[in-house]
Amino acid sequence: MAELIIDDARLKPVAEKVLAGERLGFDDGIALYRSPDLLAIGWLANHVREKRHGNICYFNINRHINPTNVCVAHCRLCAFGRSPDAPGAYTFALEEIFARAEQGIREGATEFHLVGGLHPDLPFQYFLDLLRGLKQRCPGVHLKAFTMVEVGYFARIAKLSIRDTLLALKEAGVDSLPGGGAEIFNPRVRKVICDHKVSGQQWLNIARTAHQIGLRSNATMLYGHIETEEERVEHLLLLRELQDETRGFVAFIPLAFHPENTALSHLPKTTGFADLKNIAISRLLLDNFDHIKAYWVMLTPKIAQIALRFGADDMDGTVVEEKIYHDAGATTAQFTPRAELERLIREAGRVPVERDTLYGPIDRSKMPPPAGPRPDVSLTLNV
Ligand code: V47
């Protein structure tokens, strides 16, 4: 590894802690965010990343499925959610979701990533039937389903406690939870970007309860809108504190805000500099998280590839059908084939390793080969 060169003297004490394996504090996080010395920050994050994972970079073969975009939350940050009668509003019949899932099986998917809007009329039973139907048809596929925000909403409409809601979801087939909906935990920010969602404290409590009943989850942070550096550091440290308690988080995904078609469309897009800095600072502050994902849909494959040398150890998956970012102006593809993920990873000097959702290795020699290289995304929407 090349030598660490620090241009910004303020980073010296932070670097000393990182090299000594000491935990960073709030002020260290602020110093990192305030520093323009991206290469030194990246060097430190890469140092931590290589100590944990060597040269490995993980990816998976997955499929995103969004059962409905009808949502009562109307978050200002979101371009995906719609009122029930708005143009483009859709809700899939269960059979349509099963058809997408079966297509996913033919593509070799080991994971379905299921998230959607907070629908005013769909009963909790629809989601339980969806999970049971998927498990029955695709028993080997991991169901990473429903954010803490959806779990909070299900509990409300089903009049159940959070624990009983999670137990019902687990019993119906949820294997783990994705990390979305965390945004920024601070109430000042939530009031502006997502005022009708669960609070930051509720998000953390739902994650805690999920972990307590044996469901692992991911975590995210949405950056690049109205949040301050202090609010980002606070968010990361709250996640780290909960991880100390439960050890239930699997991966962290920093998410860059995409303003197009949202009520915050006047805000500028994040830059590559900010994206790489957020990856690196996450790696440095979240010392008890095993994995930091460079989600290519959001970062672009070009920045995601560079992120593999700035702290990230995972490129996420093939994805196939992404709506949340594309509705908000993402220009990335819907689908990145396995061979392209492997090429990006290898070119960054890393060794691609296909994983399952919980980072177990996948041995394709023991599985039937996937059917075809191109996904069929032409299924019609039930508008
Ligand atoms: O929950 C919504 C965010 C999340 C916008 O757990 C937006 O493995 C940017 O959570 N601009 C969905 N972000 C994505 C997500 C995710 C992605 C990949 C992997 C995993 C995982 C989780 O995206 C939402 C919200 O936090 N979001 N709108 C927007 N306009």
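Before any of the text, the structure's been laid out above.
Residues numbered from 1 in each chain as written. Predicted model: local features only at pLDDT ≥ 70, side-chain atom pairs only at ≥ 80, totals over all residues. Heavy atoms only, no water.

## Re the layout of surface pockets
Estimated volume of the largest pocket: approximately 800 Å³. What lines the largest pocket is a set of 42 residues, and nearest its centre among them are V115, G180, G181, E183 and I324. Only α6 (148-158), β6 (216-223), β7 (249-256) and α14 (324-327) provide two or more residues apiece to the lining of the largest pocket. For the lining of the largest pocket, the residue count by class is 20 nonpolar, 14 polar and eight charged. (1 Å grid on protein atoms, 1.4 Å probe; cavity = no way out; pocket = protein on both sides within 12 Å on 5 of 7 lines; lining within 4 Å. Points joined across faces, edges and corners; volume = space filled by probe spheres on them. Helix = DSSP H or I, 4+ residues; strand = E, 2+ residues; numbered from the N terminus. Nonpolar A, V, L, I, M, F, W, Y, C, P; charged D, E, K, R; others polar.)

## Observations regarding the packing of α6 against helix α9 (residues 200-212)
Their axes nearest at 9 Å, the elements α6 and α9 cross at an angle of 90°. By the angle class used here, α6 and α9 are roughly perpendicular. Across the interface between the two elements, M148, V149, V151 and G152 from α6 touch W203, I206 and A207 from α9. Split by residue class, the contact of α6 with α9 holds six nonpolar, one polar and no charged. (Axes fitted to C-alpha atoms, helices over the stretch in contact; angles between N-to-C directions. Parallel < 35°, antiparallel > 145°, perpendicular 65-115°, else oblique. Contact = heavy atoms within 4.5 Å.)

## Overview of unusual backbone geometry
Positive phi outside glycine occurs at R247, with the angle close to 60°. Despite not being glycine, Y359 has its phi angle at roughly 70°, a positive value.

## Points about the environment of M221
Tracing the backbone shows M221 in strand β6. Note: C-alpha distance between M221 and R355 (134 residues apart in sequence) is 23 Å. For M221, the contacting residues outside a window of four places in its chain are Y33, E183, I184, R232, H235, L236, F252, I253, P254, L255 and N278.

## Brief notes about the sheet that holds strand β10 (residues 351-354)
Read from one edge of the open sheet, three strands run β9-β1-β10, paired in parallel fashion. With partners counted over all chains shown, the strands left at the sheet margins are β9 (314-317) and β10, one partner each. Looking at each pair of strands side by side, their axes are set apart by 25° on average, direction ignored. Note: strand β1 (residues 56-60) against β9, two bridges, orientation parallel. Note on β9: the bridge partner recorded for N60 is G317. Running at roughly 165° to β1, helix α15 (residues 338-347) makes contact with β1, β9 and β10 of the sheet. (Pairing = 2+ DSSP bridges.)

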